[in-house]
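Listed here are the chains, written in short residue letters.
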Amino acid sequence: MRRLFRSHVLGAALVALALVAAACDGSGGDGNGNGSLTIGAVGFAENQILGEMYAQALEAAGYDVERQLNLDSREIVQPAIESGEVDIAPEYLATLAVFLGGDGGTDPAEVHAQLEELLADRGQTVLEFSSAVDTNAFVVTEDTASEHDLSAVSDLEGIAGELTLGGPPECPEREFCIPGLEEVYGVEFADFVPLDVGGPLTVEALAGGEIDVGLLFSTDGAIEANGFVVLEDDRQLQQADNIAPVVSTEALNDEIAGILNGISAALDTPTMTALNAQVTVDQEDPADVAAGFLEDSGLI
Amino acid sequence: MSEPGFFADVWSYLTTADNWTGSLGIRTLFVEHVWMSLLAIGIAFAIAFPVALAIGHRRKAEFLVVSISNAGRAIPSLAILAFLVPFSIRLGLGIGFWPTMVALVALAIPPLVTNTYIGIQEVDPDIVEAARGMGMTERRVLWGIEVPLAVPLIVAGLRIAMLTVIATATLAALVGWGGLGRLIVDGFAVQNRPKIFAGALLVASLAIGVDLLLGWAGRRLSPRTSGDLSERQAKANAAAAVG
């Protein structure tokens, strides 16, 4: 009877210990400018490379950095910045502006100003934007392009009803994806297959003929590597999606701004595309690719 | 999440007609989920049943049951999925259906093998010997005595396998296929939490419903389990085979 009692007490103690351990969230600082910053990125190559660039450059300047580079979408990153879980995230001007209820636009300076206003109420700051632009690209295989004589998105108008679109699961809710295609191009696909965020699943599905049109990102190295054809955005559905870091205003200081702006200034679209290809095509690690770039540009 | 508003949103999601129609609508996803699960169990059963019967009846190579069972529990379904997707595409078999099917079959086989084997193996050897002694063929012994007595355990194995398969079939959504997992994955991508919850609720309801159904079916199919009765039944079978 004594032995039973003792094992029950021991069991209860272990459970209590486990509960306490679980409740004590061991993850690092809250990043409120106390030298500890959390970088959040969505889980696709380019965003991860950018996240790593920010992280490594800040670490070289003596900051304590935590990385969360596999988040699923803006719907996760934005609330995370607002709650302080994430301090810095690489973003795209127009898409973020529209996401937050703005109008977007094709002039980056204009959209940047718009975004500054939209973010001010949210306790966030958008830093200087890069000349590097990454927009959604609607992509087909060479065969599909020649079969249906496609070179621009507007060419899809008549035949989209026979084709399948594949892309990120949030496509049906993104202005620059399905709703925009319908509004601006009058294009309605026969079916939509939710795959991944401009990643290997979409590439494989397109190459294998499982989908006819894929949504990839314009700087994706896989496009050239697979001989895909990017349909020209002739009616300007896509807008000024220049890369710019978004930072929680509380965590921001001049030094951080200087470092991140330096990175944005050193980037342009061809460079970003080449870096992306190193990850998606050459299978290199985003951290290594970022390090290479920072060193080559003399940023660290 | 504990506000009544959240559950009202979930209810509203489930009762909006629009959400039930179309290729990503609840009805389609539900049907896809059910028939993917049935197909997986069917394939797994076709593989597991004969193997377990052979091992249990002949009482040879019994170590295999333990090996299969342990290997099965160690299988990382997600890894199988990720690994097989490129092959599936290259072979022109679609993106996510067959990789998920392989993972589900792999998960379902161990409980089916284990339970069928134990069910056969637990049949009183005296009965089996008596039957053989009376001249029953091996096949009659197996199908007339061992299998009927093993039915409760076989059905129990089916229930376990079915639950696992229904719950895990949600993974198909991660690799571009359908099924109720779609509600969870797509809901997550846009942080539509009522949708995520609705998806989880539907999967759980399906699993519980099927489990209850199989429980009832198991009771209907089992011979009377009072020890005396089943022995008498077995001896009766044995006598009928000879006389």
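Position numbers for residues count from 1 along each chain, tracking the sequence in the order it is written. Note on labels: chains are lettered from A, ligands numbered from 1, in written order. Reporting of local features is limited, given that this is a predicted model, to residues whose pLDDT is at least 70; pairs of side-chain atoms are given and counted only at 80 or more, and all residues count toward the totals for whole chains, interfaces and linings.

1. As for the interface of chain B and chain A
Here comes step 1: Whether two residues are in contact is decided by their C-beta atoms, placed from the backbone, lying within 7 Å. In this assembly, 15 residues from chain B lie in contact with 17 residues from chain A.
Here comes step 2: A run of H or I in DSSP becomes a helix once it reaches four residues, and a run of E becomes a strand once it reaches two; helices and strands are each numbered from the N terminus. Elements with a minimum of two residues in the side of chain B that touches chain A: helix H4 (77–90) and helix H8 (181–189) of chain B.
Here comes step 3: Taken together, the residues that form the side of chain B that touches chain A break down as 9 nonpolar, 4 polar and 2 charged. Residues are sorted three ways: Asp, Glu, Lys and Arg are charged, Ala, Val, Leu, Ile, Met, Phe, Trp, Tyr, Cys and Pro are nonpolar, and all the rest, Gly among them, are polar.

2. Here we look at the domain arrangement of chain A
Accessible area lost when the parts come together is the quantity often used to give the size of an interface.
Residue and element names in this part refer to chain A.
Here comes step 1: Segmenting chain A into domains produces domain 1 (36–133 + 240–296) and domain 2 (136–230).
Here comes step 2: Taking only C-alpha atoms, the centre of domain 1 and the centre of domain 2 are 25 Å apart.
Here comes step 3: Each partner contributes to the interface: domain 1 provides 14 residues, whereas domain 2 provides 12 residues.
Here comes step 4: When residues of the side of domain 1 that touches domain 2 are traced back to their parent elements, those giving at least two are helix H4 (93–99) and helix H11 (269–280).
Here comes step 5: Per-element accounting of the side of domain 1 that touches domain 2 gives the leading share, 6 residues, to H11.
Here comes step 6: Its residues placed into classes, the side of domain 1 that touches domain 2 shows 6 nonpolar, 7 polar and 1 charged. By convention here, the domain bounds are inherited from an automatic or database domain assignment.

3. A few points about the pairing of strand E5 (residues 136–140) of chain A
All names here are of chain A.
Here comes step 1: Most of E5 is tucked away, with 5 of its 5 residues classed as buried.
Here comes step 2: Here E5 shows two buried faces, one formed by Asn 136, Phe 138 and Val 140 and the other by Ala 137 and Val 139.
Here comes step 3: Pairing analysis gives 4 bridges linking E5 to strand E8 (residues 213–217), with the strands arranged antiparallel. Along E8, the bridge assignment pairs Asn 136 with Phe 217.
Here comes step 4: Whether two strands pair depends on DSSP finding at least two bridges between them. Taken together, the 2 bridges between E5 and strand E9 (residues 229–230) define a ladder with antiparallel strand orientation. Across the sheet, residue Val 139 finds its bridge partner in E9, namely Val 230. To sort residues by exposure, count the other C-beta atoms lying within 10 Å of each residue's C-beta; 20 or more gives buried, 12 or fewer gives exposed, and values between give partly exposed, all with C-beta atoms placed from the backbone.

4. Some remarks on the confidence of the model for chain B
Here comes step 1: With 90% of its residues at a pLDDT of 70 or more, chain B has an overall mean of 86.
Here comes step 2: Here the complex is predicted with pTM 0.77, and the ipTM for its interfaces comes to 0.70. Per residue, pLDDT measures the predictor's confidence, with a range of 0 to 100.

5. Examining the sheet that holds E8(A)
Residue and element names in this part refer to chain A.
Here comes step 1: Sheet architecture is open: 5 strands sit in the order E7-E6-E8-E5-E9, paired in mixed fashion. The sheet terminates laterally at strand E7 (191–194) and E9, the two strands that pair on one side only.
Here comes step 2: Lying over the sheet, helix H8 (residues 200–207) contacts E5, strand E6 (164–167), E7 and E8, oriented at roughly 145° with respect to E8. Between the N-to-C directions of two axes lies an angle of 0 to 180 degrees, each axis being a line fitted to C-alpha atoms and, for a helix, fitted only over the stretch in contact.

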